[in-house]
Amino acid sequence: MKNNLDELRSTLESIRAAKYPEIPAEVISAIIEVQNQNQNDPTRRQRETQKMIIQYSNQIKADGGNEQ
Amino acid sequence: MRFKKITVENFGPFKDPTSIDFSARNGVSIVWGRNGRGKTTLLNAFNFVLNGTVKDRDGNVDNFLSFINEAGMNEGKYIFKVILDLENNGKVYRIVRSIAVAPGVDKPTSNNDLYTVLQVNESGNILSFADSEHFVKGIMTKEVSRFFLFDGELLTEYEELLNENSVRGGSIKSSIEQILGMPILTYGASDSDVAASTIATEARKVAQNEQAVSKYTQNLDAATETREYQEQELQRLMEEREACILRRNKLQNLVEDTEKLRQFSARKKSIEEDMERQRQICDDEQRAIAGILKDSWQWMIAPVLRQRLLDLQSAMADLHGKEQTSKGQEIIIEYIQQAIKDIYCPVCDHPVSPNEREKLEAKISQIKAETGGLSPEEKVQLESYRTQQDILARYANVTDQAQEIKVRYDRYVAAFVKFTDLKEHDLREVESDLEALRKNATGTDEKAAFEYFDQLGKVAAEIAEYDQGIIRVGAEIDKTKETIKKLNTTIIAKSQNKDVVLANKKVAFAEAIAAIFREGIDVYRDKLSRDVERDATEIFMEMNTEEDYGGLRINENYGLTIIRKSDGKPVPKRSAGWEHMVAFALIGALHKNAPFDGPVIMDSPFYRLDIINTKSMVKALPLIANQVLMLPYPGEINPSTTRTDIGDYIVQELEIARISSNESTIKEMSTND
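Everything numeric here is computed off the predicted structure, so don't read it as measured data.

A.B. asks: What exactly am I supposed to notice about the overall build of chain A here?
C.D. replies: Assigned secondary structure in chain A consists of three helices and zero strands. From first element to last, N terminus to C terminus, chain A shows the α and β order α-α-α. Within chain A, buried positions represent 29% of all 68 residues.

A.B. asks: So what exactly am I meant to see when it comes to the overall build of chain B here?
C.D. replies: Within chain B one finds 17 helices and 16 strands. By the burial criterion, 30% of the 673 residues in chain B qualify as buried. Counting only contacts in chain B whose residues sit at least 6 apart along the sequence, the fraction spanning at least 24 positions is 75%.

A.B. asks: Hey, could you run me through the interface of chain A and chain B in this one?
C.D. replies: By convention, interface size is frequently given as the accessible area that disappears when the constituent parts associate. Of the residues lining the interface, 31 residues belong to chain A; the matching set on chain B comes to 37 residues. Listing elements by their share of the side of chain A that touches chain B, those giving two or more residues are helix 1 (6-19), helix 2 (25-37) and helix 3 (42-57) of chain A.

A.B. asks: I would appreciate a short explanation of the sheet that holds strand 2 (residues 18-21) of chain B in the present structure.
C.D. replies: Sheets are built from strands paired through backbone hydrogen bonds, the pairs being either parallel or antiparallel. Residues and elements named next belong to chain B. Spatially, six strands are ordered 2-1-4-5-6-7 in an open sheet, and the strand pairing comes out antiparallel. Only two strands of the sheet have a single partner each, and these edge strands are strand 2 and strand 7 (125-126). The sheet contact formed by strand 1 (residues 2-9) and strand 4 (residues 80-88) spans seven bridges and is antiparallel. If you follow Phe 3 over to strand 4, its bridge partner there is Leu 86. Here helix 1 (residues 39-51) sits on the sheet and contacts strand 1, strand 4 and strand 5 (91-101); the angle it forms with strand 4, its principal contact strand, is near 75 degrees.

A.B. asks: Where do I start with the pairing of strand 4 of chain B in this structure?
C.D. replies: Each regular strand carries side chains that alternate between the two faces of the sheet. Residue and element names in this part refer to chain B. Note: strand 4 against strand 5, nine bridges, orientation antiparallel. In the sheet register, Leu 86 faces strand 5, and the bridge partner there is Tyr 93. Two successive antiparallel strands, strand 4 and strand 5, enclose a turn made up of two residues, where Asn 89 displays a positive phi of approximately 50 degrees.

A.B. asks: Can you help me understand the environment of B:Ala514 in this one?
C.D. replies: Residue and element names in this part refer to chain B. Take Ala 514: it is sitting in helix 14 (residues 498-543). Judged by local crowding, Ala 514 falls into the buried class, with 22 C-beta atoms found within 10 Å. Spatially, the C-alpha atom of Ala 514 lies 8.5 Å from that of Ala 196, the residues being 318 residues apart in sequence. Ignoring any residue separated from it by four or fewer positions in sequence, one finds Ala 514 in contact with Ala 189, Ser 192, Asp 193 and Ala 196.

A.B. asks: In this structure, what is going on with the sheet that holds strand 14 (residues 627-631) of chain B? I would like to understand it.
C.D. replies: Residue and element names in this part refer to chain B. The strand order across the open sheet formed by six strands is 8-13-14-3-15-16, and the pairing between neighbours is mixed. Pairing within the sheet leaves two strands with one partner each, and these edge strands are strand 8 (149-151) and strand 16 (663-668). Strand-to-strand twist across the sheet, computed as the mean angle between neighbouring axes with direction ignored, equals 20 degrees. Of the strand pairs in this sheet, strand 3 (residues 27-32) and strand 15 (residues 650-660) are connected by five bridges, and their pairing is parallel. Across the sheet, residue Trp 32 finds its bridge partner in strand 15, namely Glu 655. Packing of helix 16 (residues 611-624) onto the sheet brings it into contact with strand 3, strand 13 (600-603) and strand 14, and relative to strand 14 it is tilted by some 145 degrees.

A.B. asks: Help me understand the packing of helix 7 (residues 182-207) of chain B against helix 14 of chain B, please; the structure alone is not making it clear to me.
C.D. replies: Think of two packed helices as two axes; the pair is described by the angle between the axes and how far apart they sit. All names here are of chain B. Relative to each other, helix 7 and helix 14 sit at 165 degrees, their axes nearing to 8 Å. Looking at the two axes, helix 7 sits roughly antiparallel to helix 14. Taken as a pair, helix 7 and helix 14 cross one another with a handedness that is left-handed. Of the residues contributing to the contact of helix 7 with helix 14, the split by class is 19 nonpolar, five polar and seven charged.

A.B. asks: What is the right way to look at unusual backbone geometry in this model?
C.D. replies: Glycine aside, residues mostly have negative phi, and peptide bonds are mostly found in the trans state. Residues and elements named next belong to chain B. The phi angle at Ser 123 is positive, at roughly 45 degrees, despite the residue not being glycine. With respect to the helices, strands and loops of the structure, Ser 123 is situated in the loop between strand 6 (114-122) and strand 7. At Ile 343, a residue that is not glycine, the phi angle is positive and equals roughly 50 degrees. Mapping Ile 343 onto the fold places it in the loop between helix 9 (296-342) and strand 9 (344-345). The class for Ile 343 is exposed, based on 12 C-beta atoms found within 10 Å.

A.B. asks: Could you clarify how one ought to interpret the pairing of strand 11 (residues 549-554) of chain B in this entry?
C.D. replies: Residues and elements named next belong to chain B. With five bridges connecting them, strand 11 and strand 12 (residues 560-564) associate as antiparallel partners. Bridge pairing links Tyr 549 to Arg 564 in strand 12. The hairpin formed by strand 11 and strand 12 contains five residues between the paired strands, and Tyr 558 there has a positive phi angle of roughly 70 degrees.

A.B. asks: What exactly am I supposed to notice about the nonpolar core here?
C.D. replies: Across soluble globular proteins, nonpolar side chains have a tendency to be buried as a group. Residue and element names in this part refer to chain B. Core analysis: the biggest nonpolar cluster contains 122 residues, and Ile 513, Val 582, Ala 585, Leu 586 and Leu 590 have the highest contact counts within it. Considering every element that reaches this core, the biggest residue donor is helix 14, with 16 residues. With eight residues, the next largest nonpolar core counts Leu 237, Cys 244, Ile 463 and Tyr 466 among its residues.

A.B. asks: Any chance you could explain the environment of B:Glu435 here in plain terms?
C.D. replies: Looking at the secondary structure, you find B:Glu435 in helix 12 (residues 402-440). What makes B:Glu435 partly exposed here is the crowd of 14 C-beta atoms within 10 Å.

A.B. asks: What should I look at first to understand the confidence of the model for chain A in this one?
C.D. replies: For residues with low pLDDT, the predicted coordinates do not support detailed interpretation. This prediction gives chain A a mean pLDDT of 84; 84% of its residues lie at or above 70. Taken element by element, the predicted model of chain A shows its lowest mean pLDDT in helix 3 of chain A (92) and its highest in helix 1 of chain A (94).

A.B. asks: Looking at this structure, I do not really get the confidence of the model for chain B. What am I missing?
C.D. replies: Looking at chain B as a whole, the pLDDT averages 85, with 93% of positions reaching at least 70. Both confidence scores are given for the complex: pTM 0.61, ipTM 0.94.

Definitions and cut-offs
Residues numbered from 1 in each chain as written. Chains lettered and ligands numbered in written order. Predicted model: local features only at pLDDT ≥ 70, side-chain atom pairs only at ≥ 80, totals over all residues. Helix = DSSP H or I, 4+ residues; strand = E, 2+ residues; numbered from the N terminus. Buried ≥ 20, exposed ≤ 12 C-beta atoms within 10 Å, placed from the backbone. Contact = placed C-beta atoms within 7 Å. Pairing = 2+ DSSP bridges. Axes fitted to C-alpha atoms, helices over the stretch in contact; angles between N-to-C directions. Parallel < 35°, antiparallel > 145°, perpendicular 65-115°, else oblique. Left-handed = near helix turned anticlockwise from the far one by under 90°. Nonpolar A, V, L, I, M, F, W, Y, C, P; charged D, E, K, R; others polar. Core = buried A, V, L, I, M, F, W, Y, C linked by C-beta atoms within 7 Å. pLDDT = per-residue confidence, 0-100.

The structure is reproduced here in structure tokens:
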């Protein structure tokens, strides 16, 4: 048994690093965790994912910069 | 995750609290049970405590009322309870799920009068209802649980995976991907899409009063309305299809019941014929023994008579000798007298002279003086001896029949034991099976079976129609979604509002996250496919007994095809038994590749397999999970060969024993059974 999400995390990190470097690695890890913890609770899972994305996207500025 | 103990109370045939303690050791626990004793109820107990759901043998879901123990119900006990003790990530949990009667209801008459109660205790602390629900849902989702708690019928569903266009196959594929963790990616992508859409909707609201985008917002409203209608239609088709599947399952059960009834009836007839044969042997042997015993006194006293005969013959010897000598002398005298009378000797061949005549007469006197012959008393005695000798000889030579009686008696005992065994064991069991079957079945004659087949064909055609409809409406929904997405993008792009421009960037951010998850789906799915194919092949080859079967090949639905060694081509038509083994190998591989582990509970998984394949599958059981609980019925697998095949991996053997027609219990099984 694998008993962990390492392979899945590593798969997404390869894609992010190669094609979407502007997206912080932490947001992907955070969403994986939210999804894993709330697999049978769609409302909570969707709400927490959205919260996570909005939290990170709020750091973006209108003139093109990013607050991070 | 490890199960430690499950306890059921007033649930199905288990009226009093009944438990299975799981060993701390890895391996296979076997709970034997005849049909109707409660094996499937135990599988339901796991499903109930983990998912809050039960399914009766007709496929009816959550008919809780039918799971309350009949005897308990008669005593006014309208609740049932299942308790599961387990360990997960180093913590100890107790999950208690029960059915309670709704307030104001005295005696429940429908499921509406009942409700479920859940309580979880984590290392001694009682969790809130919300936390309890969250914990239970988290350890094993309903879709994932089908790979941990399954029966033989479920294994047959996996054949659908080989049909790449089957919606049912697609649904199973979706379940498979759940156990493999794919929903993290698919829902990660869709939830990120929803986030992007929410941000876009907010931006659109800000932009909708702008003249430049009003045309697009109107189109968007229309597209949104279309999508709602399409989703309702999809929902309707899915529900209709589910109803068809329920009907199909009921019909399949009826067909199987008919077949089982035919088999059980044939078996009952064969047992009764065998019993009649044994009874006939008993009668024949009993009659034969009685016949032999009627004259038994003859051979029983024969040894005594034989001794008496010897004594008699010895006593007769002197008298007989005397009689014989006397007879010889009488002949000589008669001869001499003849010579005297004829005055001629035939021995010397010359006339008898007077001198010689004198000598001959003297000789006669001498012989008579020497041999007096038998006295009259002696003659009577000898005659009496002779009569006795004739009688004794008749009975002294009768053959001893004791051995014959012993042989016949042994034959009688063997037939009687066989008869009793057939009557008390085989006949009673098959009658019990028939009773259980008749209790469940609604119509089980051969005529009905043909009707069921006919109806099955019609239901299959309906399901296929709904499958097509679902695929068509699904494609239309995808198209509408794409239109909505484009309209949103256009509205945001054409807007001059600063907030909308910022929102546009946020939408792009969310969409990039969704894209990472979406792209990950294919990459991760490819990797999983390879891993599942490799591990399923490994398990399959452990079970394989065909020289030419070299391994398994996976398709996009995770359907597995057996590949021949000789030409590398797929085996075209596989028997139901081989399908079953492939499905089993798939489940084992899924467990190896799942991001979490847990025990496997199997109810009667071998019914489609022949003896050799059953043996192979039994041997492979320890490969699929650390903890395996198997619920077979005797005859499905052979207890003694199973013990040999699994050996040390068997951690315990229990049996479901019947207390009465509506009550069972679980007890330790004697390995002599």
